[in-house]
Amino acid sequence: MGLDITWAVDWVRRSADVIAEHRLELIKLDREIGDGDHGENMDRGFQAVLPKLDDLPAGSTPGDVLKLVATTLISTVGGAAGPLYGTAYLKGAGVAGSATSLDGRAIAAVLTAARDGIVLRGKAESGDKTMVDAWTPAVEAAEAAASNGSDVASVLDAAADAAAAGSDATIPLVARKGRASYLGERSAGHRDPGAQSSALLLRAAADAASAAAGA
Amino acid sequence: MAASDRVGVVFVSHSARIAEGLVELARQMAPSATLVAAGGTDDGRIGTSFDLVSAGIVEADAGAGVVILCDLGSAILTAETALDFLDDETRGRVRIVDAPLVEGGVAAAVAAEAGDDLEHVVAAAETARGSAAGASATETGAAEASDAASRAEATAAGSHARRVTLINADGLHARPAAELVKLASTFGPRVTVNGTDAKSLLGIMSLGLTKGATIEIASDDPDGREAVDAIAALAESGFGEH
């Protein structure tokens, strides 16, 4: 069973919920090693997407939803997260294309394209203490699960677990990219807010897929 | 040269006031160039706006190209994302320059004012990289001036040099330096002031030349005589100051 427009819309709603719920946590993380606006910016971005979901024309695809998220985040987030997540969703939308349903392999390909978009835009590498440290383990876990023939909900579940572990693993790292890199050694001991928001968004995707599978 | 032939410059800052202030500063030296401030978010907060940057590029683009200067990292990300959304033809004439926003922005504005083409405006902005080199140039400026006479004697046949004492109150500070650079840019041959390229605003400003300093304006190019004389006349006139 593949994931369709209902899943994509549910993912966005769950994303908006989870970001709103963790807004203060993300602000606190970003205050420690950044400029403190990540929670507020992400919350504003996803809240701006919500009303636009109602305007999606009939026959819209998951790719259309991803593109809507991309353009809205790029225009409304304001910090580095806008271009980074915007590019991720845009590249993901490109791979999703006009397909009405995405299976495990297609979802893995969407996540890979999204991660590649973040790397292209931010030029960060693994270990730089950025959202890439959540995304790359997530992509690797998703590809492994997809090539084992796992169903799409399991592929996203593996990706979300790996992203959460990747976010945890940013805590001891010294930042080499982004605002936190100005702190040098002092950035160690703090979780990267971008990695944490990435983990939350991928968990929302997996939860939406589980809900779709159970429906 | 018609304004429509000129390169436009866009300043992208997290702060609307920094971007607007930079336009105000650069305007002193580039009164008619197209300078666009794209600072802050759509609703006036600290941050950068994809929509403001995109609109700024369109406003600055008269067909000769656009140079974008940015402050902190996410301003560059926003500008790069804006470029992704341009059509291929427009994107081909837009450059994001990795240079200090203020120094590079002023240098780019002056080059744009002088009617330089896109690659030369980019190069002008890039001269602002490495402020350490600029500081040492200031320290060596006086020594270079005292060496000017001996170098004038040593110049080869076909070269031309003039020595002028600066009479205006502020020496070669920002506005007179910009006028000198703009005048030099209207001539093809390479001309130097105390050995520094007369077309480099930051190079000339970093000489740190004040009232009473004697400068040597020179060109090794046999065709540079006219440029040397024109620049010498401008300096002798006190740049319109008293």
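A brief look at the structure comes next. (Residues numbered from 1 in each chain as written. Chains lettered and ligands numbered in written order. Predicted model: local features only at pLDDT ≥ 70, side-chain atom pairs only at ≥ 80, totals over all residues. Heavy atoms only, no water.)

### Things to note about the interface of chain B and chain A
What counts, and what does not: We call two residues in contact when some of their heavy atoms are within 4.5 Å. Summed over both partners, the accessible area (1.4 Å probe) lost when two parts come together is defined as the buried area. Only one rule defines a salt bridge in this text: a Lys or Arg side-chain nitrogen within 4 Å of an Asp or Glu carboxyl oxygen. Identification of polar contacts relies on pairs of N or O atoms within 3.5 Å, with a donor-acceptor requirement for protein atoms, meaning one able to donate a hydrogen and the other able to accept it, and with residues adjacent in sequence counted only if both atoms are side-chain atoms. A run of H or I in DSSP counts as a helix once it spans at least four residues, and a run of E counts as a strand once it spans at least two, with each numbered from the N terminus. Throughout, the ten residues Ala, Val, Leu, Ile, Met, Phe, Trp, Tyr, Cys and Pro are labelled nonpolar, Asp, Glu, Lys and Arg are labelled charged, and all others, Gly among them, are labelled polar.
Each partner contributes to the interface: chain B provides 17 residues, whereas chain A provides 18 residues. A combined buried area of about 1300 Å² lies between chain B and chain A, and 50% of that area is made up of carbon and sulfur atoms. Here B:Asp84 ties to A:Arg121 by a salt bridge, and the two come within 2.2 Å at their closest N and O atoms. Joining chain B to chain A, the criterion identifies six residue pairs in polar contact (both at pLDDT 80 or more). Elements with a minimum of two residues in the side of chain B that touches chain A: helix H2 (50–60) and helix H3 (73–84) of chain B. Sort the elements by how many residues they give to the side of chain B that touches chain A and H3(B) lands first, with seven residues. Split by residue class, the side of chain B that touches chain A holds four nonpolar, eight polar and five charged.

### Things to note about the sheet that holds strand S6 (residues 192–193) of chain B
Residue and element names in this part refer to chain B. Condition: DSSP-based pairing: two strands are paired if at least 2 bridges between them are found. Each axis is a line fitted through C-alpha atoms, taken for helices only over the stretch in contact, and angles between the N-to-C directions span 0 to 180 degrees.
The strand order S5-S8-S6-S7 describes an open sheet built from four strands, whose pairing is antiparallel. Only two strands of the sheet have a single partner each, and these edge strands are strand S5 (160–165) and strand S7 (196–197). Helix H11 (residues 225–236) rests against S5 and strand S8 (214–219) of the sheet, and its axis sits at about 5° to S5.

### Digging into the sheet that holds strand S4 (residues 94–97) of chain B
Residue and element names in this part refer to chain B. Strand order in the open sheet formed by four strands is S2-S1-S3-S4, with parallel pairing between adjacent strands. Taken across any chain shown, the strands that pair with only one partner, and hence form the sheet edges, are strand S2 (35–39) and S4. Adjacent strand axes in the sheet meet at a mean angle of 20°, parallel and antiparallel pairs treated alike. Sheet topology note: the strand S1 (residues 8–13)/S2 ladder contains five bridges and is parallel. Paired with Val9 across the strands is Leu35, a residue of S2. This element, helix H5 (residues 101–113), spans S1, S2 and strand S3 (66–70) of the sheet and lies at about 165° to S1.

### Observations regarding the side chain of A:Arg191
Residue and element names in this part refer to chain A. By secondary structure assignment, the location of Arg191 is in the loop between helix H8 (152–169) and helix H9 (193–214). Among the polar contacts made by the side chain of Arg191, one reaches the side chain of Ser167 at a distance of 2.8 Å. Discounting residues that sit within four places of it in the chain, Arg191 has contacts with Leu29, Ile33, Ser167, Asp168, Thr170, Ile171 and Gln196.

### Quick word on the pairing of S3(B)
Looking along a regular strand, one sees the side chains alternate between the two faces of the sheet. Residues and elements named next belong to chain B. Stated formally: Only protein chains enter the accessibility calculation, which uses a 1.4 Å probe. A residue is then buried if its area is under 20% of the maximum for its type, exposed if over 50%, and partly exposed in between.
Across the five residues of S3, five count as buried, placing the element largely inside the fold. Strand direction decides the pairing type here: S1 and S3, joined by five bridges, are parallel. Looking across to S3, one finds that Val9 is bridged to Val67.

### Considerations on unusual backbone geometry
Located in the positive-phi region is A:Lys129, a residue other than glycine, with phi close to 65°. Along the polypeptide, A:Lys129 turns up in the loop between helix H6 (104–122) and helix H7 (132–147).

### Concerning the nonpolar core
As a rule of thumb, nonpolar side chains are buried together in soluble globular proteins. Heads up, the condition is: The definition of a nonpolar core used throughout is a set of buried Ala, Val, Leu, Ile, Met, Phe, Trp, Tyr and Cys residues joined through side-chain atoms within 4.5 Å.
Ranked by internal contacts, the top residues of the largest apolar core, which has 64 residues, are A:Trp7, A:Phe46, A:Tyr85, A:Tyr89, A:Ile107, A:Leu111 and A:Leu156. Put simply, the parts of the chain that give this core at least two residues each are helix H1 (5–21), helix H3 (38–53), helix H4 (62–76), helix H5 (81–96), H6, H7, H8 and H9 of chain A. For this core, the element with the most residues is H9(A), which contributes ten residues. Not counting the four nearest positions on each side in its chain, A:Phe46 is found in contact with A:Val12, A:Ser15, A:Ala16, A:Ile19, A:Val69, A:Leu73, A:Tyr89 and A:Leu201. Grouped together as the second largest cluster of nonpolar side chains are 52 residues, B:Leu180, B:Val181, B:Phe187 and B:Ile204 included.

### With respect to H5(A)
The periodicity of an α-helix, 3.6 residues per turn, causes residues three or four places apart in sequence to face the same way. Residue and element names in this part refer to chain A. So the rule is basically this: Take the number of residues in a helix, subtract one, and multiply by 1.5 Å to get its expected span.
Along its 16 residues, H5 runs 22 Å from first to last C-alpha, staying within 8% of the 22 Å computed at 1.5 Å per residue. Buried residues dominate H5, accounting for twelve of its 16 residues. Of all the residues in H5, the buried ones are Ala81, Gly82, Pro83, Leu84, Tyr85, Gly86, Thr87, Ala88, Tyr89, Gly92, Ala93 and Ala96. Positive phi shows up at Gly97, right after H5, with a value of about 60°.

Taken by themselves, the reported measurements are silent on function.
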